[in-house]
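The primary structure of each chain is shown beneath.
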Amino acid sequence: MNALLIYPKSPETFWSLTHALRLINRKAASPPLGLLTVAAMLPSDWDLRLVDLNVRDMTDEDLAWADYALLSGMIVQRDSALDVAARCKSAGLTVVAGGPLFASEDERARFGDVDHFVLNEAELTLPPFLEDLERGVSHRTYRTDQFADLTTSPAPRWDLVDPHEYASRGVQFSRGCPNNCEFCEVTQLLGHRWRRKAVSQVIAELDTLYDLGWRGVVPFVDDNFNARGEYLRRELLPALIEWREGKRGMGFSAQVTMELADDTELIELMVRAGFGTVFIGIETMDEVNLAECHKRQNRHRDLLSDIKRIQRAGLQVQAGFIVGFDNDTPSVFQRMTEFIQKSGIATAMVGLLQAPVGTALYKRLNREGRIRVDLSGDNSDGSTNIVPRMGLESLQAGYGNLLRDLYAPKNYYRRVRTFLREYRPRRANTRITPSQILAVIRSFYHLSVVGRERWEYPGLLFWTLFRRPRALPVAVVLAIYGYHYRMCFEPLFSARVSGPGRA
Ligand code: SF4
C-alpha cells in the first residue's frame, strides 16, 4: 500500500516566520510532528511519502503512485486542505483526515471528499480504523473521548523529512493541561489530565535527531511544559542536562505558564539543560479580564517583575496577548503597548479575542448570541468570530494602531535592548556555522541596505557587541524575527480588516 502524508499549505502568519525563513534559506519553521507520529503507527509494509505543501508541491506523479491520502491540518489550513482533499479524491485515492481542523462537525460537513475521519488522539483511533480497513468494513468516522497513554506513543518518523527545508525540529513530552482558560481549545482536544512520555522516549527521539545531523533548537511542543514542575526537576531536566553534554549546537524552547517565575530552581535547571526561550500566555494585564477568562495562574501577580526575573535567569520570554475582552475599553491599546515595551518582550503575539468551537467561551457567547462567523484559525490576523463589547470597528482600529506602535522599527529595537539589558545568557554550547554567517550577511542586506531598519539594526549589533557580546546571536535572531513580524502585520497597521471572519 502506498500512502501520501499530506500537510496543507499554511498562509503567512505570525508563527509561519515566512519572511525570516527566506533570510536563513529555509522553507518552513518546523515539520508536521503529528503526521510523522501517525506515520510511525501505520503498517510496516506501507510505503510512505511526506508531502508538506509548505515546502514542496504535490505532483501528479505523487497522486499516481499513491493509494491513500492521509491528511492532517489546523483550522488556518482549511482552504488548502479543501483543495488537497478534492484533488486526491478526483485522482481516485482514499482520503483519510485527522487533526484539529476536523474536530468539529461543522468543519467535517465541508469535507465531502474525505472518506474517513480518524479523530482525536491517533494512538487510540488509528488502530481500529486500520483493523477495519484490513477486514474491508471501515466506517466514516472514528473518534474517542479517551486520552492516550503517551508511554505507548511511537517516535516520529524523522527519516521521512527533507533535512534541509526546516528551521527547527520539535519533540512532544506531554499532553493535557490542568488549567481552564475559557478561550483555550487545548483542554477540549487533549483534556485536563497531564500525561507524559517516559524520559527514555524523549532521549531516544533526541538521539535520532542528533544522529540524523540536526543541530539547533528543538522546541518542546507541549502546551503546558511546566504543568508538573516536580517531575521536570526530578526526571526530565537532569536527563536532558546529561544528554546534552558534549553535544554542541543543541538547545530547547518550551511553552510554560507564568508559574515558572515562582520556581527559581526549575528555571535554573531549564537553563542548564539548554532552554533558551519560553513562550508564556500572558493574555492581559487586567485583573477583571483575567478573572473573566479564568486565567487563574496569572492573577494577583506583578507580571512585569515575573518576566524580568525569568529574563535575568537566562531565558528569553515570548508571550501571547489578547485584546477584546468584555471589560476592555479603548484605553487597553495604549496600556498594552506600554506594558509590552517595558517588559522587553520582543516576540509579542497580540491577537483579538476569538472563540474556537467547543470552548467554554464559544458556549457562553453562543448563548448570548455573540458568535458571528467562522473562525479564520489565525489568532493574529485582525479577525474574530465574536461580537466584541467594544464594537468591532473600534477594536480593529485600536488593534491596528497597537501593532503599528509595537512593530515600528524604533520601538521594536528599543524593546530588544530593554530585554538584552536584563538578559544574562549562559555561555553558548554552539559553534558558528557557515550558514549562520550567510544569514547575518543576508539579514544585514535586507534590513539595513534595502529595508527600513537602516540605522536600528547596525546600531543594535554594535551596542550588543560592546555591551552584551554573549547575546549577539540572540540580537541577530530577534532582528530577523522583527522584520518578519513587521512584514506580517503591516497590512493591519491602519485599515479595518476584511475577508472571512473579519468585519
Ligand atoms: S494554561 Fe495554556 S494550555 Fe492550559 S488551559 Fe490555559 S491557555 Fe490552555
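Treat the numbers as computed from the prediction; the structure is a model and nothing was measured.

On to the domain arrangement of the protein. You can read the domains of the protein as domain 1 (2-142) and domain 2 (168-421). In this complex, domain 1 contributes 17 residues to the contact, which on the side of domain 2 involves 23 residues. Across the domain 1/domain 2 interface, buried area totals approximately 1,500 Å², and carbon plus sulfur atoms make up 57% of it. When the buried surface of domain 1 facing domain 2 is broken down by residue, Phe14, Trp15 and Glu121 rank first, second and third, together holding 35% of it.

Let's shift gears to the side chain of Ser343. Its location among the elements puts Ser343 in helix H13 (residues 332-343). A relative accessible area of 0% places Ser343 in the buried class. From its side chain, Ser343 meets the backbone nitrogen of Ile345 in a polar contact 3.0 Å long. Excluding anything up to four places from it in sequence, Ser343 contacts Leu304, Ile307, Lys308 and Gln311.

Here the focus is the sheet that holds strand E9 (residues 217-219). Spatial ordering of the open sheet is given by E9-E10-E11-E12-E13, a layout of 5 strands whose pairing is parallel. Each end of this open sheet is capped by a strand with a single partner; those strands are E9 and strand E13 (348-352). The average undirected angle you get between the axes of adjacent strands in this sheet is 20°. As judged from the 5 bridges shared by strand E12 (residues 316-323) and E13, these two strands associate in the parallel manner. Following the sheet pairing, Ile322 is matched in E13 by Gly351. Across the sheet, H13 touches strand E11 (275-283), E12 and E13, and the angle it forms with E12 is around 175°.

With that settled, consider helix H9 (residues 229-244). Maximum bend of H9: about 40°, positioned at Leu236, with proline Pro238 one to four residues after it. Of the surrounding elements, those touching the buried residues of H9 are strand E8 (195-196), helix H8 (199-211), strand E10 (251-256), helix H10 (264-273) and E11. Immediately beyond the C-terminal end of H9, within one or two residues, lies Gly246, with a positive phi of roughly 80°.

For the rest of this paragraph, the subject is the site of the ligand. Around the ligand sit Cys177, Asn179, Cys181, Cys184, Thr187, Asp223, Lys295 and Gln297, and that is every residue in its neighbourhood. Taken together, the residues of the shell around the ligand break down into 3 nonpolar, 3 polar and 2 charged.

Here we come to the pairing of E10. Counting buried residues in E10 gives 5 out of 6 residues, a clear majority hidden from the surface. One ladder, built from 3 bridges, connects E9 with E10; its direction is parallel. Looking across to E10, one finds that Pro219 is bridged to Ser253. Note that E10 and E11 share 5 bridges and pair parallel. When the sheet's bridge partners are listed, Ala254 is paired in E11 with Val278. For the crossover that starts at E10, traverses H10 and ends in the parallel E11, the hand is right-handed.

Along H10, the positions that sit buried rather than exposed are Leu266, Ile267, Leu269, Met270, Val271 and Ala273. Lining the buried residues of H10 we find H9, E10, E11 and helix H12 (303-312).

Let's shift gears to the sheet that holds strand E1 (residues 2-7). The 6 strands lie next to each other as E2-E1-E3-E4-E5-E6, forming an open sheet whose pairing is parallel. Unpaired on one side and paired on the other, strand E2 (47-52) and strand E6 (141-142) mark the two borders of the sheet. The pairing of E1 with E2 spans 6 bridges and is classified as parallel. Across the sheet, Ile6 pairs through a bridge with Val51, a residue of E2. Packed onto the sheet, helix H4 (residues 78-90) meets E1, strand E3 (68-71) and strand E4 (94-97) and runs at close to 170° relative to E3.

Here is what the cut-offs are and how they apply
Every residue gets a number counted from 1 within its own chain, in the order that chain's sequence is written. Only residues with pLDDT of at least 70 are given local features in this predicted model, and only at 80 or more are side-chain atom pairs given and counted; all residues enter the totals for whole chains, interfaces and linings. To get the side-chain values, all heavy atoms of the structure are used, and hydrogens and water are removed first. Here the limits of each domain have been adopted from an automatic or database domain assignment. Residues count as neighbours in contact if any of their non-hydrogen atoms are within 4.5 Å of one another. Put simply, buried area is the surface a 1.4 Å probe can reach on two separate parts but cannot reach once they are joined, added for both. Labels follow the DSSP assignment, with helices taken as runs of H or I lasting at least four residues and strands as runs of E lasting at least two, numbered in each case from the N terminus. When a residue's accessible area, from a 1.4 Å probe over protein chains only, is under 20% of the maximum for its type it is buried; when over 50% it is exposed; and in between it is partly exposed. Think of a polar contact as two N or O atoms within 3.5 Å of one another; within protein, one of them needs to be a possible hydrogen donor and the other a possible acceptor, and neighboring residues in sequence only count if both atoms come from side chains. The pairing criterion for strands is at least two bridges between them, as found by DSSP. Between N-to-C directions, angles span 0 to 180 degrees; the directions come from axes that are lines fitted to C-alpha atoms, helices contributing only their stretch in contact. One axis fitted to the seven residues ending at a residue, another fitted to the seven starting there: the angle between these axes is the bend at that residue. Any residue with at least one heavy atom within 4 Å of a molecule or strand is counted as near it. Throughout, the ten residues Ala, Val, Leu, Ile, Met, Phe, Trp, Tyr, Cys and Pro are labelled nonpolar, Asp, Glu, Lys and Arg are labelled charged, and all others, Gly among them, are labelled polar. By definition, the crossover connecting two strands over a helix is right-handed if that path, from the first strand to the second, turns clockwise as seen with the strands pointing away from the viewer.

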